Every structure is written in C-alpha cells, then in structure tokens.
Amino acid sequence: MYLIAGLGNPTYQYARTRHNIGFEVIDELADRNGISMDINKHKGVCGKGMIAGEKVILLQPQTYMNLSGESIREAVGYYKLEPEKDLILIFDDISLDVGRIRIRAKGSAGGHNGVKSVIACLGTDVFCRIKVGVGEKPKGWDLADYVLSRFGEEDRIKADESVERAALAAECILQDGIERAMNVFHGKV
C-alpha cells in the first residue's frame, strides 16, 4: 500500500493558490482513477483506491501547511507504512519554473515549511517527492504573500499542465518505479 499526500492549506480561501498545487495533484489523481475523497481521517481528507494495480491512500492534510507532518505521520503509523518506500509527497516548489516538475527519492526541505514538518514528524528525509514548479518569487514580494497568491492567466494554463504531469508521474512511480519516472518526467516541458 502507498500513501500519496499532497500538501496545501484547507478552506476555500487557499484554493488554487501556488501553495495548494499539491492538493490539486491529489484531486487530479482521484478524478483520473475514480477515487472518492470522502474520508475524514488522519487530520486530513482521504480517499482509498487502486492506481496502477497498487492499493493507495490519497491524503490532503487539513492541518495547514506548517503542520502537514502531523497528518502524514498519523496515516503512516495507522497503515504501518515505511516512508522510504511507501510514501509519495507532492508539493509546490518556487525554485522550479511554472510547468516544470522534479522527482526526488530524498532530500532536504529546501526551505519549504510543509516538508520541514513532514521530515520532523517522520524522522527521515528519505521518501519520494514530486515537486511542482510555481515559479520564483518576484523581487520585492514577501514569500508568504507570493505562495498564497493565485497564478495569472498564462501561468494558470502551465500550472494545470504540470498538475496533470505530476499525476502521471505518480502513476509512473507506482507502475515502473522512481528511476523510470525521473527519466520520463525530467525532460523539457
């Protein structure tokens, strides 16, 4: 069984902001694979189903970004999962251009507070992650204001494409492994 968790903030106020692109990828995976996101458990909204022949739990933590690890730790513990091989974490990355995704098997939080929380709560930084580019913060902007802002019209089109690519990448990881997914999805958009 795999846990696929997308990071974001609950409530309509944050819907479709840069910081919530992880939630969007989970919604895309749920839609593509006929999984209902109708379970309130593990301090989050969950759905259970099958993707690429594997049992999965889709999770959108409802703890707000900076406490995302609490929800993920609860789900990992409940299902007796090993983060190193059973977790795929999906989140926004300001160091990637809008439309780009990057897959990694481990790494630091890179300044992302949601990922910091996950690493702290799990006690490891070795887990699969799909980073979805939201673009670099413009000069003079506050970082929090930027990641909580919505995409402009042109960038929204690219963001929607990257949400679809990230969902495809998660499916590829489940079916063919992380190395194959990196080879397929790290090319130019």
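In case you missed it, the structure is sitting above this.
Here the structure is a predicted model, which means the values were calculated and not measured.

Chemist: Describe the overall build of the chain, listing the residues and the values that go with them.
Modeler: A tally of helices and strands in the chain yields seven helices and seven strands. Ordering the α and β elements of the chain from the N terminus gives β-α-β-β-β-α-α-β-β-α-β-α-α-α. For 189 residues, the compact-globule estimate of 2.2 N^0.38 gives 16 Å, and the C-alpha radius of gyration of the chain, at 15 Å, lies within 12% of that figure. Expressed along its principal axes, the backbone C-alpha trace of the chain runs to roughly 45 × 30 × 30 Å. A total of 189 residues make up the chain; the buried ones form 52% of that total.

Chemist: How would you summarise the packing of helix α1 (residues 21–33) against helix α6 (residues 153–176) if you had to cite specific residues and measurements?
Modeler: Any two packed helices are characterised by the angle at which their axes cross and by the distance between the axes. The N-to-C vectors of α1 and α6 enclose an angle of 60°; their axes lie 9 Å apart at closest approach. Considered as vectors, α1 and α6 are oriented oblique to each other. Regarding α1 and α6, the two cross each other, and that crossing is right-handed. Seen from α1, the contacting residues are I21, E24, V25, E28, L29, R32 and N33; seen from α6, they are R156, A159, D160, S162, V163, E164, A166, A167, L168, A170 and E171. A class-by-class count of the residues in the contact of α1 with α6 yields nine nonpolar, two polar and seven charged.

Calculation criteria
Residues numbered from 1 in each chain as written. Predicted model: local features only at pLDDT ≥ 70, side-chain atom pairs only at ≥ 80, totals over all residues. Heavy atoms only, no water. Helix = DSSP H or I, 4+ residues; strand = E, 2+ residues; numbered from the N terminus. Rg over C-alpha atoms; globule rule 2.2 N^0.38 Å. Buried < 20%, exposed > 50% of the residue type's maximum accessible area, 1.4 Å probe, protein only. Axes fitted to C-alpha atoms, helices over the stretch in contact; angles between N-to-C directions. Parallel < 35°, antiparallel > 145°, perpendicular 65-115°, else oblique. Left-handed = near helix turned anticlockwise from the far one by under 90°. Contact = heavy atoms within 4.5 Å. Nonpolar A, V, L, I, M, F, W, Y, C, P; charged D, E, K, R; others polar.

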